[in-house]
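Chains, contacts and geometry: an overview
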Amino acid sequence: MPYAVKIPIVRKQSWGDYHLFRFQAPEMAAAARPGQFVMIRPGESTAPLLRRPISIHGRDRGALEIFFQVAGEGTALLARRKAGDTFDVLGPLGRGFDLDAPLDGKTACLLGGGRGIAPLYFLALELADRGALVKVLYGGRTADDLPVRDRFEEAGLELACSTDDGSFGFPGLVTGLLETEIPVRRPDFLFVCGPDPMMKAAAGLASRFRIPAQISLESVMGCGFGACWGCVRRIKRAGAEAWRKICEDGPVFPAEDIVWEGWK
Amino acid sequence: MPYAVKIPIVRKQSWGDYHLFRFQAPEMAAAARPGQFVMIRPGESTAPLLRRPISIHGRDRGALEIFFQVAGEGTALLARRKAGDTFDVLGPLGRGFDLDAPLDGKTACLLGGGRGIAPLYFLALELADRGALVKVLYGGRTADDLPVRDRFEEAGLELACSTDDGSFGFPGLVTGLLETEIPVRRPDFLFVCGPDPMMKAAAGLASRFRIPAQISLESVMGCGFGACWGCVRRIKRAGAEAWRKICEDGPVFPAEDIVWEGWK
Amino acid sequence: MTVDLAVDLGFLKLRNPVLAASGTFGYGTEFAPFLDLSSLGGIVVKGLYYGPREGNPPPRLVETASGLLNAIGLQGIGVEAFAAEILPELRRRGAEVWVNVCGEDEDEYLRVISFLDGLDGIAAYELNISCPNVRRNGLCPALRPDWTYDLVRAAKERSRRPLVAKLSPNVTDIVEIARAAERAGADGLSLVNTFLAMAVDPETRRPRLGNVFGGLSGPAIKPIALRMVYQAASAVRVPVIGMGGIMSGRDAVEFLIAGARAVEVGTANFVDPAAAARIVREIEAFCREKGIARVSDLVGTITI
Amino acid sequence: MTVDLAVDLGFLKLRNPVLAASGTFGYGTEFAPFLDLSSLGGIVVKGLYYGPREGNPPPRLVETASGLLNAIGLQGIGVEAFAAEILPELRRRGAEVWVNVCGEDEDEYLRVISFLDGLDGIAAYELNISCPNVRRNGLCPALRPDWTYDLVRAAKERSRRPLVAKLSPNVTDIVEIARAAERAGADGLSLVNTFLAMAVDPETRRPRLGNVFGGLSGPAIKPIALRMVYQAASAVRVPVIGMGGIMSGRDAVEFLIAGARAVEVGTANFVDPAAAARIVREIEAFCREKGIARVSDLVGTITI
Ligand SMILES: Cc1cc2nc3c(=O)[nH]c(=O)nc-3n(C[C@H](O)[C@H](O)[C@H](O)COP(=O)(O)OP(=O)(O)OC[C@H]3O[C@@H](n4cnc5c(N)ncnc54)[C@H](O)[C@@H]3O)c2cc1C
Ligand SMILES: Cc1cc2nc3c(=O)[nH]c(=O)nc-3n(C[C@H](O)[C@H](O)[C@H](O)COP(=O)(O)OP(=O)(O)OC[C@H]3O[C@@H](n4cnc5c(N)ncnc54)[C@H](O)[C@@H]3O)c2cc1C
Ligand SMILES: Cc1cc2nc3c(=O)[nH]c(=O)nc-3n(C[C@H](O)[C@H](O)[C@H](O)COP(=O)(O)O)c2cc1C
Ligand SMILES: Cc1cc2nc3c(=O)[nH]c(=O)nc-3n(C[C@H](O)[C@H](O)[C@H](O)COP(=O)(O)O)c2cc1C
Ligand code: FES
Ligand code: FES
């Protein structure tokens, strides 16, 4: 497993609370698969103490990209880094999206809410590479919460946006946008990442329309590599429910395996 | 008492572990007197938690200067600031040097060891302003530990240096340099700041040659303004010994009041 | 929307739920340059013995990860100097004054109370039965329910003022101690005092504190303090004043929700001398944002 | 200069004084990508009950100031799966394996020991009598000397292996508990387990942990843990293994100087998965720098 203490940041882009960093990490980049994540140490002191999980947003030759939103102290510290500074990064971690099914000519709908768009850029490019017809649905509160939408378009990926306040694209929730898409596009696969209620609603639609869906879950993580048992969520497998580790068994799970009720 | 949360750094100079910052703080600068100090918060997180005491090194119109050496985590964090960043500074604090005696035409020897030189630049300029004949003795381990010696010369102040390893100036301790100076110059006053053993030795010389000496002590400080009773050292006053607060009653004390024995 | 910040301790109404914690606010006057002393719910002055005290040899402070280890040893001026030099000044400034009462033995506690009973302008006593820095091994009355009961009872009988017992966190069962203090007649409880702790210098192989052991305070202890405040508040009827690592209004709100009727701000005063007043404003802003009309509506509202 | 890192616990010689702490090192195999498991003094695997355990509902972790609050609730695979899937792999990697033994009641502790006694390749048992996360109120045998005595004695009588009792810091008098465990026949003591603590979310007014209470670990607790290790090591003859907030070689050296014969590294493993091995190297570098030929020469050398 690649593990590097100090990785140089080669580029930074910021939009308000959102930041995109590119850092040089050839081994990590070679090993990375869509849906995997890295654990980044916010600072050098003991407060904040733990690393923070951040998805791999993109890969470009020997470089990796991350895209994140400031959510608290840890991400605020990360956001203060500049090009030329370094990150203490551990990864790639987790199992990522399952891309074993034949994808050529299939239609894939990718549903990203807010910062949940992060892993979907890497995924979209990979799916397109494998011949899938990709449509990305990207939802945010306002137009300002859709900062990376240009990236998808520049990469030639089909994109539709929604905003809760109607300031850009489809007015309403991104799951509303999905509901309008499903009858038109009849996607073969759904890939989802975003806030819990959005993912739960997407899982509901997937089940109603019988579309296989993969969902990338979040959870507070102590280690990121299966050692602390802190990151569990309720997962059903072979009929039996159990607390399963997001970091090791996930973060991506088939929608039908996720137990949404009774754990929070 | 001036108290500002964020003060902009307007200039930074660094020599290895030594750093000189100038920041804009007109009220603080107006109030500052030589020997006083400020308390600076190293960061925004809870680790490190407490502010760090740093002497006022210089004043220049509305700006203050500090000069410090990296000693641990707190000063290392301070050292990472750049011009344009801000400091969270509280001050000026403490009583500073007693300059009530007539100084015109008197000879003053200033003895600074290592980072202990910090308050003596401000003091030397003030003494010169008041017509004293100032001689600064500046000691360090090696030539690299005398980074601000040019400042004194540029200000037209007489300076002699010593290094423990003999790489620059008088070879040996700065108190050795003082011993050679005393018979020649017969100083009327001594002002001392440096490591404890050096200050103790200087106090011994002052007493032997009956020269009134003022010594700027250090101690770990919790607050810097008399509230925690954490910074005490053993001080004799009117015959009675007591633990006295460095931050409030000092940091500068008459050499004969300081009890060097039995407290560490 | 205006927020009603007043809280009623039963024995005393506070203008707001924020007091400055004993030993971290000097005698109060040191903070006059930084905040309006009358803007706080109260200030608990540094622990007072009857006479002046030398305190412990330095080093007295060590910073630890998000914490402060202190072994001041209650150096102080004693009750007479307090009455002559400090109290008039605090009253002039409109401060609500609490005195943290100390003693080497029961007799001294009672003498301190008798003396203070003769003074005007003190709102309440906080009986410091929990300082870990006086005896080398950290022993104090608040470590045992019987010791707690006896001392609180004797002090309460003597006192003409409300008496809050300040408890130690260095115990197996905080509920047992809290109940003993309540049974003995304490009008309220305050907790926690500092945790008995130490630090070693690998260079000298000596304890970093002159006193060997010291008391740990600051954000590091907050999660343990909060648990104890919750447990104590759930077990007694008298009001509980919570403290331990409060740095912000949100920290204070956590204690209120867990059951504290008021809070004390300690170590934060060193980092930011205006912290206590800032925390009052932050609590107010929190309530306003959430549409909470009275801060007392927060108290004990934790849902398990 | 070569430094002899070996330490002798009496019942077992360790190649160096650094063990990975139970529950923070998974079953050990998770760390194989990051360090050579055989380079550590030992690894204490995650607490084992007889059968598989569900653990507590999430959230299970909350970060606090320089600390980590956890309420995992000892989710785990049980002894049979451990024997089949984990132990062979650990042995193949040359790890010195300790098992952290858990139980709902005395009977389960003894059944775990009996089962493990039947396996080869385990160096010692650490009897976990101090987990605060199993019962809601944090109750555990290590809170009382009589409970400690009874359980340690029963476990020791059953066990064919060295038995180290892991103590709780949530007690008034650690010395009393340490002596009870020693009297009951423990071959060594390890301390501290986590501090019972909690956190509240001001937004939801609920505890942040699914289990309400959790255990606090990490740098925040180091000063309290170090004090307890010093007190325990001064009071018993059996070796003491110290832990609590060790992040670096210098932290470890503080515990050794205070009297610990070895140390365990816990929360640090999450932040830096190679921490335990790094700490071995840092201790070695410290000794070399100070001209200390044997790391055991540091143990208990504190000057008061
Ligand atoms: C596998 C995975 C991949 C992720 N990828 C990204 C990404 O690419 N971009 C991005 O912006 N964010 C991502 N996140 C979320 C990110 O990890 C959290 O926002 C971050 O850890 C918050 O840290 P903080 O110190 O800034 O905030 P904190 O102050 O720690 O927390 C702020 C809020 O976020 C919640 N929170 C804390 N940690 C987590 C966590 N690990 N997961 C979910 N909520 C948390 C807290 O409960 C609190 O409500 C990912 C999370 C996971 C688990
Ligand atoms: C009144 C006063 C004025 C000072 N002026 C200057 C100055 O102008 N320039 C400068 O470089 N330094 C000055 N110092 C010293 C400076 O405050 C310490 O070096 C600094 O606080 C160390 O913090 P740290 O976090 O970097 O190191 P830490 O990791 O906290 O400590 C490193 C070492 O320094 C010791 N130490 C910690 N705090 C203090 C302290 N307050 N005083 C003395 N030793 C301490 C510790 O015991 C340890 O051995 C002054 C100190 C005082 C009391
Ligand atoms: C330097 C210092 C001195 C203290 N002195 C006293 C005291 O005199 N009496 C007392 O009851 N508590 C004393 N305490 C304890 C505090 O009042 C408070 O209980 C403790 O610090 C926890 O709160 P905090 O984490 O907000 O600081 C002192 C604490 C510190 C840090
Ligand atoms: C997530 C987590 C799980 C733990 N699980 C166990 C356990 O199974 N058995 C046990 O005896 N201690 C357990 N502990 C306690 C640690 O072994 C250790 O005693 C404690 O964390 C203090 O050390 P530290 O500050 O270095 O982490 C656990 C600690 C953490 C943080
Ligand atoms: S984050 Fe530690 S097990 Fe998943
Ligand atoms: S530093 Fe607090 S009293 Fe001097």
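Our subject is the structure that appears above.
The notes below deal with the structure included here. Quick caveat, the model's predicted, so the values are computed rather than measured.

1. Remarks on the interface of chain A and chain B
Tallying the contact residues gives six residues for chain A and six residues for chain B. Of the roughly 420 Å² buried where chain A meets chain B, counting both sides, 37% is carbon and sulfur surface. Counting across the interface, chain A meets chain B through two salt bridges. The interface formed by chain A and chain B holds four residue pairs in polar contact (both at pLDDT 80 or more) in total. Grouping the constituent residues of the side of chain A that touches chain B by class yields one nonpolar, two polar and three charged.

2. Side note on the relation of the copies chain A and chain B
Rotating chain A by 180° and moving it 0.0 Å along the rotation axis overlays it on chain B with an RMSD of 0.0 Å. Both copies of the chain, as the preceding transformation shows, are related through a two-fold rotation axis. When C-alpha distances to the rotation axis are compared across chain A, the minimum falls at Ala-47 of chain A, with a value of 2.8 Å.

3. Considering unusual backbone geometry
Following Ala-47 of chain B, the chain continues to Pro-48 of chain B via a peptide bond in cis, the omega torsion being -5°. Looking at where Pro-48 of chain B falls in the secondary structure, it is placed in the loop between β3 (37-40) and β4 (52-55). Of note, the amide linkage connecting Gly-91 of chain B to Pro-92 of chain B takes the cis form, showing an omega dihedral of -5°. A positive phi angle, near 55°, is found at Arg-205 of chain C, a position not held by glycine. When you line up the elements, Arg-205 of chain C lands in the loop between β12 (200-201) and β13 (206-207).

4. Some details on the site of ligand 1
Residues and elements named next belong to chain A. The environment of ligand 1 is formed by 20 residues, the closest being Arg-52, Pro-53, Gln-69, Gly-74 and Thr-75. Phe-67 places a main-chain nitrogen or oxygen 2.9 Å from a nitrogen atom of ligand 1. In the model, an oxygen atom of ligand 1 is placed 2.7 Å from a nitrogen or oxygen of the Gly-74 main chain. Protein chains bury 78% of the 840 Å² of accessible surface belonging to ligand 1 in isolation. For the shell around ligand 1, the secondary structure elements donating two or more residues are β4 (52-55), β6 (63-69) and α2 (73-79).

5. Description of the relation of the copies chain C and chain D
At an RMSD of 0.0 Å, chain C and chain D line up after a rotation of 180° and a shift of 0.0 Å along the axis. By residue overlap, the copies meet face to face through one surface: 100% of the interface positions of chain C are interface positions in chain D.

6. With respect to the site of ligand 3
Residues and elements named next belong to chain C. Residues in close proximity to ligand 3 total 23 residues, the closest being Ser-22, Lys-166, Gly-218, Gly-245 and Thr-267. Between ligand 3 and the protein, one listed contact pairs an oxygen atom with a backbone N or O atom of Ser-22 at 2.7 Å. Side-chain polar atom of Thr-267 to an oxygen atom of ligand 3: 2.6 Å apart, as the coordinates give it. Protein burial of ligand 3: of its 600 Å² of free accessible surface, 97% is covered by the chains.

7. Some words on the interface of chain C and chain D
Between chain C and chain D, the residue contacts involve 44 residues of the former and 44 residues of the latter. For the pair chain C and chain D, the summed buried surface comes to about 3900 Å²; carbon and sulfur atoms form 62% of the total. At the junction of chain C and chain D, the tally comes to four salt bridges. Between Lys-290 of chain C and Glu-203 of chain D there is a salt bridge, and its shortest N-O distance comes to 2.6 Å. Counting across the interface, chain C meets chain D through 16 residue pairs in polar contact (both at pLDDT 80 or more).

8. Notes on the side chain of Gln-231 of chain D
Mapped onto the elements, Gln-231 of chain D comes out in helix α5 (residues 222-235). Of the polar contacts made by the side chain of Gln-231 of chain D, one reaches the side chain of Arg-227 of chain D; its length is 2.8 Å. Apart from residues lying up to four places away in sequence, Gln-231 of chain D is in contact with Leu-196 and Phe-213 of chain C together with Ile-174 and Val-175 of chain D.

9. Observations concerning the sheet that holds strand β16 (residues 262-265) of chain C
Spatially, the eight strands close up into a barrel ordered β3-β4-β7-β8-β9-β10-β15-β16 (chain C), and their pairing is parallel. Geometrically, the sheet is characterised by an average inter-axis angle of 30° between neighbouring strands, direction not taken into account.

10. Section: the packing of helix α1 (residues 78-92) of chain D against helix α2 (residues 106-117) of chain D
Residues and elements named next belong to chain D. Orientation of α1 relative to α2, taken along the N-to-C sense of each, is 20°, at an axis distance of 10 Å. Our classification of the angle between α1 and α2 gives roughly parallel. The way α1 lies across α2 gives a crossing that is right-handed. The segment α1 lies against α2, with Val-79, Glu-80, Phe-82 and Ala-83 engaging Val-112, Phe-115 and Leu-116.

11. What to know about the environment of Pro-34 of chain B
Assignment of secondary structure puts Pro-34 of chain B in the loop between α1 (26-31) and β3. Residues Pro-34 of chain B and Leu-127 of chain B, 93 residues apart in the sequence, show an inter-C-alpha distance of 9.5 Å.

12. With respect to the environment of Asn-16 of chain D
Residue and element names in this part refer to chain D. Relative to the helices and strands, Asn-16 is located in the loop between β2 (13-14) and β3 (18-20). Considering only alpha carbons, one finds Asn-16 and Glu-284, 268 residues apart in sequence, at a separation of 9.5 Å. In this structure, Asn-16 is in contact with Leu-5, Ala-6, Val-7, Ser-39, Leu-40, Gly-41 and Val-280, ignoring residues within four places of it in sequence. A distance of 3.0 Å separates a polar side-chain atom of Asn-16 from the backbone nitrogen of Val-18. There is a polar contact of 2.9 Å between the side chain of Asn-16 and the backbone oxygen of Ser-39.

13. Observations regarding the packing of helix α6 (residues 249-258) of chain C against helix α8 (residues 275-290) of chain C
All names here are of chain C. Interhelical geometry of α6 versus α8 gives an angle of 70° and a closest axis separation of 8 Å. Considering the angle they form, α6 stands roughly perpendicular to α8. For the pair α6 and α8, the sense of crossing is right-handed. Residues Gly-249, Arg-250, Ala-252 and Val-253 of α6 form the contact with α8, whose own contacting residues are Ile-279, Glu-282, Ile-283 and Phe-286.

14. A short note on the sheet that holds strand β16 (residues 252-254) of chain A
Residues and elements named next belong to chain A. In space, the seven strands of this open sheet follow the order β11-β10-β9-β8-β12-β13-β16, with mixed pairing throughout. Only two strands of the sheet have a single neighbouring strand rather than two, namely β11 (170-171) and β16. As defined by bridge partners, strand β8 (residues 107-113) adjoins strand β9 (residues 133-140) across seven bridges and the pair is classed as parallel. Paired with Cys-109 across the bridge in β9 is Lys-135.

Each value, and the rule that gives it
- Position labels on residues start from 1 in each chain and follow its written sequence.
- To read the labels, note that chains go from A and ligands from 1, taken in the order they are written.
- Restriction of local features to residues with pLDDT of at least 70 applies here, the model being predicted, together with a cutoff of 80 or more for giving and counting side-chain atom pairs; totals for whole chains, interfaces and linings are based on all residues.
- Hydrogens are left out, water is left out, and the side-chain values use all remaining heavy atoms of the structure.
- Residues are treated as being in contact if the distance between any of their heavy atoms lies within 4.5 Å.
- When two components associate, each loses some accessible surface as probed by a 1.4 Å sphere; the sum of these losses over both components is called the buried area.
- When a carboxyl oxygen of Asp or Glu lies within 4 Å of a side-chain nitrogen of Lys or Arg, that pair is called a salt bridge.
- Polar contact is defined as a pair of N or O atoms within 3.5 Å, subject to the rule that within protein one atom must be able to donate a hydrogen and the other to accept it, and that residues adjacent in sequence are counted only when both atoms are side-chain atoms.
- By the convention adopted, Pro, Cys, Tyr, Trp, Phe, Met, Ile, Leu, Val and Ala count as nonpolar, Lys, Arg, Asp and Glu as charged, and the other residues, Gly among them, as polar.
- Superposition of the copies used a least-squares fit over C-alpha atoms from residues whose pLDDT is at least 70 in both.
- Per the convention used, a helix needs a DSSP run of H or I reaching at least four residues, while a strand needs a run of E reaching at least two, with both numbered from the N terminus.
- Nearness of a residue to a molecule or strand requires only that one of the residue's heavy atoms be within 4 Å of it.
- For the area figures, the Shrake-Rupley method with a 1.4 Å probe applies, and any residue is considered shielded solely by the protein chains shown.
- At least two DSSP bridges between two strands are needed for those strands to be called paired.
- Here an axis means a line fitted to C-alpha atoms, over the contact stretch when the element is a helix, while the angle between two N-to-C directions is reported on a 0 to 180 degree scale.
- We call two directions roughly parallel when the angle between them is under 35 degrees, roughly antiparallel when it is over 145, roughly perpendicular when it lies between 65 and 115, and oblique otherwise.
- Each crossing is labelled by how the near helix is turned from the far one, with a counterclockwise turn of less than a right angle marking it left-handed and a clockwise turn marking it right-handed.

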